[in-house]
Amino acid sequence: MNNQQADTAPRRAIDVINAGMDRRKRSEKRFQLLGKLSIALAIGFLAMLLGSIVSKGYSAFQQTYVKLDVHLDAAKIDAENLNKGNYSGVIKESLRNMFPDVSGRREKIKLYSLVSQSAAYQLQAKVIEEPGLIGQTISIWVPADDEVDVFFKGHINRDIAEEDRRIKDNQIRWIDHFIEQNRIEKRFNTTFFNAGDSRNPESAGIWGAVVGSFYTLMVTLLLSFPVGVASAIYLEEFAPKNKFIDFIEVNINNLAAVPSIIFGLLGLAIFINFFGLPRSASFVGGLVLTLMTLPTIIISSRAALKSVPPSIKQAALGVGASPMQAIFYHVLPLAMPGILTGTILGMAQALGESAPLLMIGMVAFIVDIPAGIFDPSTVLPVQIFLWADSPERAFLERTSGAIMVLLGFLVLMNMVAVILRKQFERRW
Amino acid sequence: MNVEQETGQKEMELNPAQTKEAMDLQSKTPKVDRENRETVGDVRVDDPRMRCTDINVHYGDKHAIKGLNLDVGKKEILSMIGPSGCGKSTFLRCLNRMNDTIDSCRVTGTIEMDGVDINGKSIDVVPLRASVGMVFQKPNPFPKSIRENILFGPRIHGLATDKDDLEEIVVNSLKKAGLWDEVKDRLDQPGTGLSGGQQQRLCIARTIAVEPEIILMDEPCSALDPISTAAIEELMLELSESYSICIVTHSMQQAARVSNRTAYFHLGDLIEVGTTDQVFNAPLHQLTEDYITGRFG
């Protein structure tokens, strides 16, 4: 036995651990607090962003309409030639009848500008549909001019001095008269959803941009998905391991980080100038966006293919499948969730791109709804960009409304990505 | 004293095949020295299914199999035993050219099957792998239905197109693999939902569905419990009446139970080959004796 006794009992590891627990718990709590603060900050910013957009944009989904009693004077509208009838004259007469004391050219112009210029065309459409109405006096609801619309929605303060606002005192009197007579109301703004762009905000809609976005995205998807997935399969399964392939891989990874406007310049130089493809067409936009999303799809597809357990492929090869058969029947189906997720995220990215498309000319003022992929068109983000530049007050709410529609599509696409991933998920 | 007796007892229990006479014979017969790495015993058989001559396998710089010669006979079970990392699985993979899927692997030498060298440049590996089937160590059924697992091979090789013929293949393969009774009413359920032993038998059924002539098994029972192992060993004995089977195993008892011939590998060399009885009871090489008596391994 030892003569020297130890002064303290031998150290137990558990005692040291217990002594340090307080410090560890405190530092973990600090870290958790930081994490929660970060999330709160992020959510706060997101809420501010969405709040400001929605608060400005929700009124874009309503349009002010005015009820007019129009007398379809046979003298003004010839039954033989309905297209050439003086419909704007009919409307102007109806306004004069409502306010007979209005005189003087300037005042009359202000009176006529209470309703939209498109009112005449809507009346024309109604008469062409029912020619039997000629000679009668009918009531129709027509869209109000954008200044009236903005005022009626409450965006303009009555108390501002008259020189500082576009809507004048006499117009406000007439609008008050409409209100008394229940001749003015807000309705759901279907024009916003089914019309193309226009100089007049009350006639402007996003449908042209939506169709343009749809065609562009279709072209992008149809081109980038097969090429991207096939490239990923080749690089992952068949490519020899040499410097040349390494070089290609490095370049693909770098392309994912290139600013998107460079792809627009490429599109301008090669697709439009060299190949002579039509400017501003969805097809060219689709080509440019394909180049932009290919690296994203290739990289995510490769990651998905790598994640398939090699035992499955070995089993397929062991039964006598060729490498292509092993990949198509077994590896690719198992990698599908990852590939689809990457593709849809790439598409969502492409949907929100405007810089490369500006370069190829999709920034023009296009009023017609594009009928095919070679017609000139614009896309939703570019439409937002154009409207944001317009001076009319009514375009402010429409810009925010269009942003809400775009965000809605992006959220939808991300949800589809999540659902598809869950659908294809398998356990092995 | 007591401790030594116990150790002696353990040594005896490791080698149930050794009788006292065999042990006496063994200790008297001079063995080939440990340093000598030349193969001992009959590598060749008459009318072989596969004949391997001068096989060398390199993984990059590592020389994994050194100058191997071995025959695989018809309708026999050849087991390959040896310590870990000695080249058994590598050699097995040579027989159906699965080593081709490993980039750093280089195989030289000739492997003749029906008189044709399968390592030749003009040979298509796809039909080769259909006639030399493989069962892997960890059961790897496809994440599809049991029926789809079995039919994948016959479909891509065009062995049957008629719906009735395909169904017959499923039934026959599962019956031969001893799995039919357990899964006959759930052929559409995923293969991955079966137990470990059932999955391995499904993999065996999948392999025999393409009607191979040789079946390679790489430690097929190492991931299974004793009862499943017994079922598969019984299956192997039945299958050996129609096919040649090569099995790599870490369990010497398994090799002793099922195989006709045994080959002992050591660090890339084929040390000894012969009938199972002879290798386990009267090994000719000192290294073989060291391994089977448990002195190392």
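Residues numbered from 1 in each chain as written. Chains lettered and ligands numbered in written order. Predicted model: local features only at pLDDT ≥ 70, side-chain atom pairs only at ≥ 80, totals over all residues. Heavy atoms only, no water.

Caption draft 1: Quick peek at the overall build of chain A. Secondary structure summary: chain A contains 16 helices and three strands in total. In terms of overall dimensions, chain A is more spread out than a globule: its C-alpha atoms have a radius of gyration of 32 Å, far above the 22 Å expected for 428 residues. Taken over 428 residues, chain A has a buried fraction of 43%. Approximately 23600 Å² of chain A is accessible, and the part contributed by carbon and sulfur atoms is 60%. Here chain A holds 42 positive side-chain charges and 38 negative ones, and the gap between their average locations is 10 Å. (Helix = DSSP H or I, 4+ residues; strand = E, 2+ residues; numbered from the N terminus. Rg over C-alpha atoms; globule rule 2.2 N^0.38 Å. Buried < 20%, exposed > 50% of the residue type's maximum accessible area, 1.4 Å probe, protein only. Areas by Shrake-Rupley, 256 points an atom, 1.4 Å probe, with all protein chains shown as cover. Lys, Arg positive; Asp, Glu negative; His and termini not counted. Charge placed at Lys NZ, Arg CZ, Asp CG, Glu CD.)

Caption draft 2: Spatial organisation of the interface of chain B and chain A. At the interface, 22 residues of chain B touch 19 residues of chain A. Between chain B and chain A lies a buried interface of about 1700 Å² when both sides are counted; carbon and sulfur atoms form 67% of it. Mapped by element, the contributors of at least two residues to the side of chain B that touches chain A are α4 (125-131), β6 (132-135) and α5 (146-157) of chain B. Take the side of chain B that touches chain A: its biggest share by element is four residues, from α5(B). Each residue belonging to the side of chain B that touches chain A can be placed in one class, and the counts come to twelve nonpolar, six polar and four charged. (Contact = heavy atoms within 4.5 Å. Buried area = accessible area lost by both parts, 1.4 Å probe. Nonpolar A, V, L, I, M, F, W, Y, C, P; charged D, E, K, R; others polar.)

Caption draft 3: Spatial organisation of the sheet that holds strand β7 (residues 214-218) of chain B. Residue and element names in this part refer to chain B. On the basis of which strands lie adjacent, the open sheet formed by six strands has the order β6-β7-β8-β3-β9-β10 and mixed pairing. Taken across any chain shown, the strands that pair with only one partner, and hence form the sheet edges, are β6 and β10 (269-275). Within this sheet the neighbouring strands show an average axis-to-axis angle of 15°, counted without direction. Judged from the four bridges that link them, strand β3 (residues 77-81) and strand β9 (residues 261-266) form a sheet pairing that is parallel. When the bridges of β9 are listed, M80 appears paired with A263. (Pairing = 2+ DSSP bridges. Axes fitted to C-alpha atoms, helices over the stretch in contact; angles between N-to-C directions.)

Caption draft 4: Summary view of the side chain of N99(B). All names here are of chain B. By the secondary structure assignment, N99 is in the loop between α3 (88-95) and β4 (105-113). Only 3.2 Å separates the side chain of N99 from the backbone oxygen of T90, close enough to count as a polar contact. Discounting chain neighbours no more than four positions away, the residues touching N99 are Y59, T90, R93, C94, C105 and V107. (Polar contact = N/O pair within 3.5 Å; in protein donor to acceptor, adjacent residues only side chain to side chain.)

Caption draft 5: Layout of the pairing of β9(B). Residues and elements named next belong to chain B. In terms of burial, β9 is a largely internal element, six of the six residues being buried. Of the two faces of β9, both are covered, the one formed by R261, A263 and F265 as well as the one formed by T262, Y264 and H266. Here β9 runs beside β10; their pairing, made up of six bridges, is antiparallel. Bridge pairing links F265 to L270 in β10. Connecting β9 to the antiparallel partner β10 that follows it, the hairpin turn spans two residues, and L267 within it adopts a positive phi of roughly 50°.

Caption draft 6: Representation of the domain arrangement of chain A in the model. Residue and element names in this part refer to chain A. Looking at the assigned domains, one finds that chain A contains domain 1 (2-58), domain 2 (62-191) and domain 3 (207-424). On a C-alpha basis, the centres of domain 1 and domain 3 stand 40 Å from each other. On the domain 3 side, the residues contacting the six residues of domain 1 number seven residues. Where domain 1 abuts domain 3, roughly 470 Å² becomes buried across the two surfaces, and 83% of that area is made up of carbon and sulfur atoms. The three residues of domain 1 that bury the most area against domain 3 are I53, K56 and G57, which together make up 79% of that side's buried surface. Taken together, the links from domain 1 to domain 3 amount to zero residue pairs in polar contact (both at pLDDT 80 or more). Each residue belonging to the side of domain 1 that touches domain 3 can be placed in one class, and the counts come to four nonpolar, one polar and one charged. (Domains from an automatic or database assignment.)

Caption draft 7: Focus on the nonpolar core. The biggest cluster of nonpolar side chains holds 56 residues, and the ones touching the most others in it are M50(B), L68(B) and F91(B). Here this core takes nine residues from helix α13 (residues 323-351) of chain A, the largest share from any one element. For F91(B), the residues in contact, after removing those within four places along its chain, are C52(B), I65(B), L68(B), L70(B), M80(B) and F265(B). If you look at the next biggest cluster of nonpolar residues, it comprises 37 residues, including F61(A), A209(A), V379(A) and F395(A). (Core = buried A, V, L, I, M, F, W, Y, C linked by side-chain atoms within 4.5 Å.)

Caption draft 8: Molecular detail of the pattern of salt bridges. Using the criterion set out here, one finds 28 salt bridges over all chains in the structure. A salt bridge links E249(A) to R302(A); its shortest N-O distance comes to 3.4 Å. Remark: R302(A) occurs in helix α11 (residues 282-306) and E249(A) occurs in helix α9 (residues 243-255); sequence separation between them is 53 residues. With relative accessibility at 23%, the residue E249(A) sits in the partly exposed group. Looking at R302(A), the relative accessible area reads 15%, which means it is buried. We note a salt bridge from E167(B) to R147(B), for which the minimum N-O separation is 3.1 Å. Of the two residues, E167(B) is situated in helix α6 (residues 163-176) and R147(B) in helix α5; the sequence distance between them amounts to 20 residues. (Salt bridge = Lys/Arg side-chain N within 4 Å of Asp/Glu carboxyl O.)

Caption draft 9: Spotlight on the packing of aromatic side chains. All names here are of chain A. Inspection of the entire model under this criterion finds 15 aromatic pairs over all chains. For the pair F99 and W174, a centre-to-centre distance of 5.9 Å together with 45° between the ring planes defines the contact as tilted. Taken as a pair, F99 in the loop between α2 (87-98) and α3 (105-112) and W174 in helix α6 (residues 169-180) lie far apart in primary sequence, 75 residues in all. In this structure an aromatic cluster arises from ring pairing among F61, F188, F192, F193, W387 and F395. A cation over an aromatic ring shows up here: R187 above the ring of Y65, its NZ or CZ 5.1 Å from the ring centre. In this arrangement the basic side chain of R199 is found over the ring face of F365, its NZ or CZ atom lying 4.4 Å from the centre. (Phe/Tyr/Trp six-rings, centres within 6.5 Å; stacked < 30°, edge-to-face > 60°. Lys NZ or Arg CZ within 6 Å of the ring centre and 35° of its normal.)

Caption draft 10: Molecular detail of the side chain of Q171(A). Residues and elements named next belong to chain A. Here Q171 shows up in helix α6. In this structure the side chain of Q171 is engaged in a polar contact, spanning 3.2 Å, whose partner is the side chain of S113. Apart from the residues within four sequence positions on either side, Q171 is in contact with K110, S113, L114 and R166.

Caption draft 11: Highlighting the sheet that holds strand β2 (residues 62-73) of chain B. All names here are of chain B. With respect to topology, four strands assemble into an open sheet ordered β2-β1-β4-β5, the strand pairing being antiparallel. Bordering the open sheet on either side are β2 and β5 (116-117), each of which pairs with just one other strand. Sheet topology places strand β1 (residues 48-59) next to β2; eight bridges connect them, and they run antiparallel. Residue pairing in the sheet places M50 in a bridge with V72 of β2.

Caption draft 12: Spatial organisation of helix α15 (residues 380-389) of chain A. Restricting attention to buried positions, one finds in α15(A) the residues L380(A), P381(A), V382(A), Q383(A), I384(A) and W387(A). In the core, the buried residues of α15(A) are packed alongside α7 (190-194), α8 (207-238), α13, α14 (355-359) and α16 (393-424) of chain A.

Caption draft 13: Spotlight on a negative patch on the surface. Residue and element names in this part refer to chain B. The grouping of D162, D164, D165 and E168 at the surface amounts to a negative patch. In this structure, D164 sits in helix α6. The class for D164 is exposed, based on a relative accessible area of 59%. (Patch = residues over 30% accessible without salt bridge, like charges linked within 9 Å, V, L, I, M, F, W, Y side chains within 5 Å.)

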